[in-house]
Amino acid sequence: MQLPAGPGALAAPLLSIPVAFGVTGATALADNPPLLVLTVLLVLIGLCSIILLVSGLSHFQDPLFCVFVVLSFVSAIDLIIALEEDGFVSGFMEVYVREGEPYLRTAHGIMICYWDGIVHYGLYLTMIAAIGHRKNYRSLGLFWLGSLMMSIVVFLLGNMIGKYSSELSPSFLLNLPYVLLLLWAGVRLFQQPRELLCLSPEKVAEEQGKPLYRRPQDVALVVVLLLMASFTFFRGMVVLDCPADSCFEYIYQHEPYLRDPVAYPKVQMLIYMFYALPFFLLCIYGLVLPGCSWLPDWSLVFAGAVAQAQFSHLGSSLHARTPFPYQTPDDVLWSFLLTNILYALGPQLLVLRCLRCPAFFLPPAPAALLRAKKHQ
């Protein structure tokens with residue numbers, strides 16, 4: 001399993017069957033990509049058959065139901081890998097991780113497995129239940145989309161440019177169709193209808209007519225986003241080897257994990273700098289000017305991405321699998337935790353603002369409609 005969830009991961013349960021077929025059979029699967037692909041397809045067919053027999057055809061009206069069921073199975077396997085690598089269980093996934101994907105033994109690999117096995121698994125079960133009860137799960141889906149996409153991008157790029165780049169096997173290519181599946185799921189989620197809001201045109205016009213200084217929550221959020229943007233730019237310059245004394249001191253005394261040759265932290269900071277930083281500025285624009293209807297949806301995607309990234313970054317910085325020279329020093333531990341936790345909370349606060357008071361972000365009501373309502 002190369003990712004928190006992916007085609008390589010779907011083969012993991014079958015590669016862990018040494019109880020039935022012996023270690024030799026599991027190793028043969030890991031070393032034979034065509035056989036691995038066939039095994040994955042058989043697992044998918046078997047899972048879909050079980051779903052069809054248990055629940056009938058009604059749930060299949062939403063194709064994402066099958067996607068969530070399969071990925072929830074993969075999440076359970078990810079959790080087993082993380083627990084085994086941390087020594088809580090043994091004898092389940094050792095052969096697969098050793099022979100197929102040794103980079104899952106890194107601190108970052110363990111952290112993304114924990115996130116997938118706990119957070120993503122909970123989201124899958126919740127969305128499956130929502131589909132079964134014909135309820136809207138679009139918001140949860142967008143949060144999941146951002147979380148999983150961030151996990152995939154950082155993990156793939158880190159594997160390709162980090163110290164494990166020479167150990168990539170042909171099975172690594174199995175992630176390409178999985179990325180396409182995730183993109184398709186994202187398009188499906190954005191195409192789903194939003195929840196209906198019972199807001200009158202007058203209420204929308206009233207909220208959108210307030211200037212920024214009359215919205216203290218938005219002022220606070222703008223300040224938070226500006227601070228996050230500054231911190232994002234600073235850490236991006238740090239991993240780009242900026243010669244400034246402050247950057248040198250930070251990477252050696254505050255976050256030495258950024259120097260880890262596995263490359264995951266460096267990739268993470270660069271993604272923050274080139275993608276998160278512009279989005280912070282767009283969010284500030286959306287909080288200042290009314291009618292930015294794109295902000296609630298994309299803030300959910302962004303919140304999921306940052307939550308997953310910060311969990312993996314924090315956990316990896318403190319995990320015992322990270323070599324000691326790259327672990328967070330004890331004398332700066334609390335400041336490191338505080339800054340990174342606050343960094344993770346900022347996008348979550350933005351999501352709460354967008355979901356609890358959505359009127360400001362709705363398209364402005366036409367003036368003719370407002371006049372008609374006023375004369376009624």
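Whatever comes next refers back to the structure up there.
Residues numbered from 1 in each chain as written. Predicted model: local features only at pLDDT ≥ 70, side-chain atom pairs only at ≥ 80, totals over all residues. Heavy atoms only, no water.

Describing the overall build of the protein
Item 1. Scanning the protein from terminus to terminus reveals 16 helices and zero strands.
Item 2. In the protein, which comprises 376 residues, the share counted as buried stands at 50%.
Item 3. Put simply, of all contacts in the protein between residues at least 6 apart along the chain, 78% involve residues at least 24 apart.
Item 4. As displayed, the protein offers around 17800 Å² of accessible surface, 70% of which is attributable to carbon and sulfur atoms. (Helix = DSSP H or I, 4+ residues; strand = E, 2+ residues; numbered from the N terminus. Buried < 20%, exposed > 50% of the residue type's maximum accessible area, 1.4 Å probe, protein only. Contact = heavy atoms within 4.5 Å. Areas by Shrake-Rupley, 256 points an atom, 1.4 Å probe, with all protein chains shown as cover.)

Some points on unusual backbone geometry
Item 1. In this structure, Arg134 takes a positive phi of about 60° despite not being glycine.
Item 2. With respect to the helices and strands, the residue Arg134 is situated in the loop between α7 (107–132) and α8 (138–161).
Item 3. You will see that Ala263, though not glycine, has its phi angle at about 80°, which is positive.
Item 4. Residue position: Ala263 is located in the loop between α12 (245–253) and α13 (264–288).

Considering the environment of Leu258
Item 1. You can see Leu258 is positioned in the loop between α12 and α13.
Item 2. Residues contacting Leu258, with those up to four places away along its chain left out, are Val238, Val239, Tyr250, Ile251, Pro265, Met269 and His313.

Re the nonpolar core
Item 1. Tyr272 and Phe280 are the most contacted members of the largest nonpolar core, which has 53 residues in total.
Item 2. If one sorts the elements of this core by residue count, α13 sits on top with twelve residues.
Item 3. Sequence-distant contacts of Phe280, that is, excluding residues within four places in its chain, are made with Leu225, Met228, Ala229, Thr232, Phe302 and Tyr343.
Item 4. Counting 31 residues, the second-largest nonpolar core is a separate cluster that includes Val67, Tyr124, Ile152 and Ala185. (Core = buried A, V, L, I, M, F, W, Y, C linked by side-chain atoms within 4.5 Å.)

Structural notes on the environment of Gln348
Item 1. Considering the arrangement of structural elements, one finds Gln348 in helix α15 (residues 333–356).
Item 2. Between the C-alpha atom of Gln348 and that of Ala303, which follows or precedes it by 45 residues, the distance is 5.5 Å.
Item 3. If we ignore the near neighbours within four places in the chain, the residues touching Gln348 are Phe143, Ala303 and Ala307.

Details of the packing of aromatic side chains
Item 1. Scanning all chains against the criterion turns up 17 aromatic pairs.
Item 2. Measuring from ring centre to ring centre gives 5.3 Å for Phe280 and Phe302, while their planes differ by 85°; the resulting arrangement is edge-to-face. Of this pair, Phe280 sits in helix α13 while Phe302 sits in helix α14 (residues 295–318), placing them 22 residues apart in sequence.
Item 3. Aromatic ring contacts, followed pair by pair, group Phe231, Phe234, Tyr250, Tyr272, Phe279, Phe280, Phe302 and Tyr343 into a single cluster.
Item 4. Note that Arg235 overlies the ring of Tyr343, its terminal NZ or CZ placed 5.3 Å from the centroid. (Phe/Tyr/Trp six-rings, centres within 6.5 Å; stacked < 30°, edge-to-face > 60°. Lys NZ or Arg CZ within 6 Å of the ring centre and 35° of its normal.)

Some words on helix α5 (residues 64–85)
Item 1. Counted at 1.5 Å a residue, the expected span for α5 with its 22 residues is 32 Å, and the 31 Å between its end C-alpha atoms agrees.
Item 2. Counting buried positions over the 22 residues of α5 gives 17, a clear majority of the element.
Item 3. Count one or two residues on from α5 and you reach Gly87, which has phi positive near 85°. (Expected span 1.5 Å × (residues − 1).)

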